[in-house]
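A look at the structure
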Amino acid sequence: MQKKKLHNLSQLRQALRRLLQDLEHSLEVAFGRSPLVKGNVYEMARKCGKPNCVCIRGQLHRSMVLSWSEEGKTRLFSILPQRLGELQEKSEEYLRFRRARARVTEIGREIVAVLDQIENLRREEP
Ligand SMILES: [Zn+2]
């Protein structure tokens, strides 16, 4: 996002108030208690490798998996049908948490940028 320079103190204070509201909103995830499961849930379609299987003719085996990255490697976990809803929910909660965390980092940078502009506006030579 291109940083817009604001040129008067009251605009900067308004920007700061908006950022603080945004920060408070983004930090709401920290007050939740529901469990998080790292990773994305999706349907995987693959060939099993058996020479006479239907998957050779394009009828791929489909299964739901949870996928996450660990030490640079992609990990997969096969999901039993009875756990699908639960894991989807916990994974969504995890993704929500991570998005909020990223936004908090961004807001921090934006607040510092506004503070720098306020400092410049208020600064005088001795
Ligand atoms: Zn197969």
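Okay, so let's go over this structure. Predicted model only: the values in this text are computed from it and were never measured. (Residues numbered from 1 in each chain as written. Predicted model: local features only at pLDDT ≥ 70, side-chain atom pairs only at ≥ 80, totals over all residues. Heavy atoms only, no water.)

In terms of nonpolar packing, the biggest core is built from seven residues, these being Leu12, Ala15, Leu19, Ile107, Ile111, Val114 and Ile118. Secondary-structure elements contributing two or more residues to this core are helix H1 (9–26) and helix H2 (84–122). Per-element tally for this core: the top contributor is H2, with four residues. With near-sequence residues (within four places) excluded, Ile107 lies in contact with Leu19, Asp22, Leu23 and Ser26. Val37, Leu66, Ile79 and Leu87 belong to the second-largest nonpolar core, a separate cluster that totals five residues. (Core = buried A, V, L, I, M, F, W, Y, C linked by side-chain atoms within 4.5 Å. Buried < 20%, exposed > 50% of the residue type's maximum accessible area, 1.4 Å probe, protein only. Helix = DSSP H or I, 4+ residues; strand = E, 2+ residues; numbered from the N terminus. Contact = heavy atoms within 4.5 Å.)

Protein coordination of the zinc ion is provided by Cys48 (SG), Cys53 (SG), Cys55 (SG) and His61 (NE2), with donor distances spanning 1.9 to 2.3 Å. Classification of the site at the zinc ion as tetrahedral follows from its four donor atoms and the range of 101 to 113° in their angles at the metal. Ordering the donors of the zinc ion by residue number gives the pattern C-x4-C-x1-C-x5-H. Of this pair, Cys48 sits in the loop between strand E1 (40–46) and strand E2 (61–70) while His61 sits in strand E2, and the two are 13 residues apart along the sequence. (Donors = N, O, S within 2.8 Å, 3.2 Å for Na, K, Ca; no water. Tetrahedral: all angles 85-135°; square planar, octahedral: opposite > 155°, others 65-115°.)

With that out of the way, let us pick up the pattern of salt bridges. Evaluation of the coordinates by the stated rule reveals eight salt bridges. For the salt bridge of Glu86 with Arg83, the shortest nitrogen-to-oxygen distance reads 3.0 Å. The closest approach of N and O atoms between Arg103 and Glu110, which form a salt bridge, is 3.3 Å. For Arg103, a relative accessible area of 23% translates into the label partly exposed. (Salt bridge = Lys/Arg side-chain N within 4 Å of Asp/Glu carboxyl O.)

This paragraph deals with the sheet that holds strand E3 (residues 73–78). Strand order across the open sheet formed by three strands is E1-E2-E3, with antiparallel pairing between neighbours. Every other strand in the sheet has two partners, leaving E1 and E3 as the edge strands with one partner each. Strand-to-strand twist across the sheet, computed as the mean angle between neighbouring axes with direction ignored, equals 45°. Both E1 and E2 contribute to a ladder of seven bridges, which runs antiparallel. By the bridge assignment for E2, Asn40 is matched with Ser67. (Pairing = 2+ DSSP bridges. Axes fitted to C-alpha atoms, helices over the stretch in contact; angles between N-to-C directions.)

Here we take up unusual backbone geometry. A negative phi angle is the norm for most residues apart from glycine, just as the trans form is the norm for most peptide bonds. The phi angle at Glu71 is positive, at roughly 50°, despite the residue not being glycine. Along the chain, the position of Glu71 falls in the loop between E2 and E3. For Glu71, a relative accessible area of 81% translates into the label exposed.

To continue, consider the pairing of E2. Pairing of E2 with E3, which is carried by six bridges, proceeds in the antiparallel orientation. Note on E3: the bridge partner recorded for Glu70 is Lys73. Between E2 and the antiparallel strand that follows it, E3, lie two residues; Glu71 among them carries a positive phi value of about 50°.

It is worth spelling out the packing of H1 against H2 at this point. Orientation of H1 relative to H2, taken along the N-to-C sense of each, is 160°, at an axis distance of 10 Å. With respect to H2, the axis of H1 lies roughly antiparallel. Handedness of the crossing formed by H1 with H2: left-handed. Judged by residue contacts, Leu9, Leu12, Ala15, Leu16, Leu19, Leu20, Asp22, Leu23 and Ser26 of H1 engage Ala100, Arg103, Val104, Ile107, Glu110, Ile111, Val114, Gln117, Ile118, Leu121 and Arg122 from H2. Split by residue class, the contact of H1 with H2 holds 14 nonpolar, two polar and four charged. (Parallel < 35°, antiparallel > 145°, perpendicular 65-115°, else oblique. Left-handed = near helix turned anticlockwise from the far one by under 90°. Nonpolar A, V, L, I, M, F, W, Y, C, P; charged D, E, K, R; others polar.)

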